[in-house]
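Structural overview for review
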Amino acid sequence: MCSALAGGLSNTAFEPLLNDEQTAQLLGGMHPKTLQRMARSGQIPAHKIGRFWYFRASELDKWLTGELDSACQSSPRESKEIQ
């Protein structure tokens, strides 16, 4: 492993991603399918990796407080369609 890369990673805080079930529970017990639908439509900040949706607690916090617009997050598929 490159020492410059290793040094850069040690200074960066890593935020684990939450899956749809963890996020649904965090948001008050909504159904995971509802959360997936919201992610697909861009109503909530989310990241699609493969066929699964993942969420960052920090982005959800900003979204809930109105500091983050969910439209700024896009799935890779949506990005390809835009180009």
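About the criteria used
- Residues numbered from 1 in each chain as written.
- Predicted model: local features only at pLDDT ≥ 70, side-chain atom pairs only at ≥ 80, totals over all residues.
- Heavy atoms only, no water.
- Helix = DSSP H or I, 4+ residues; strand = E, 2+ residues; numbered from the N terminus.
- Buried < 20%, exposed > 50% of the residue type's maximum accessible area, 1.4 Å probe, protein only.
- Contact = heavy atoms within 4.5 Å.
- Areas by Shrake-Rupley, 256 points an atom, 1.4 Å probe, with all protein chains shown as cover.
- Core = buried A, V, L, I, M, F, W, Y, C linked by side-chain atoms within 4.5 Å.
- Arc of directions from axis to C-beta.
- pLDDT = per-residue confidence, 0-100.

Some words on the overall build of the chain
On a plain count of helices and strands, the chain comes out with five helices and two strands. Helices (α) and strands (β) of the chain occur, in sequence order from the N terminus, as α-α-α-β-β-α-α. Residues classed as buried in the chain amount to 24% of the 83 residues present. Within the chain, counting contacts between residues at least 6 apart in sequence, those at least 24 apart form 43% of the total. Here the chain displays about 6,100 Å² of accessible surface, and carbon together with sulfur accounts for 53% of that area.

Let's talk about the environment of Ser-58
Tracing the chain through its elements places Ser-58 in helix α4 (residues 57-64). Exposure remark for Ser-58: the relative accessible area of 33% places this residue in the partly exposed category. For the pair Ser-58 and Glu-15, spaced 43 residues apart in sequence, the C-alpha to C-alpha distance is 8.4 Å.

Describing the nonpolar core
In terms of nonpolar packing, the biggest core is built from nine residues, these being Ala-24, Leu-35, Met-38, Ala-39, Ile-44, Ala-46, Trp-53, Phe-55 and Leu-60. Ranked by residue count, the leading element in this core is helix α3 (residues 32-41), at three residues. Once residues within four sequence positions are removed from consideration, Met-38 is found in contact with Met-30, Gln-43, Ile-44 and Trp-63.

A short note on α3
Think of an α-helix as 3.6 residues a turn; residues three or four steps apart then line up on the same face. Among the residues making up α3, those that are buried are Leu-35, Gln-36, Met-38 and Ala-39. Buried residues in α3, looked at end-on, bunch into an arc of 160 degrees, giving them a common side. Of the residues trailing α3, Gly-42 is marked for its positive phi of about 80 degrees.

Brief notes about the confidence of the model for the chain
Here the chain averages 80 in pLDDT, while 66% of its residues score no lower than 70. For the chain, the element scoring lowest by mean pLDDT is helix α5 (residues 76-82), at 46; strand β2 (residues 52-54) scores highest, at 97. Low pLDDT, under 50, characterises residues 1-5; the predicted model gives this stretch two contacts beyond four residues in sequence or across chains. Low confidence marks residues 74-83, where pLDDT is under 50. Its contacts with residues over four positions away, or in another chain, come to six contacts.

With respect to the side chain of Gln-36
Inspection of the secondary structure puts Gln-36 in helix α3. Leaving out residues up to four positions away in the same chain, Gln-36 has contacts with Asp-20 and Trp-53.

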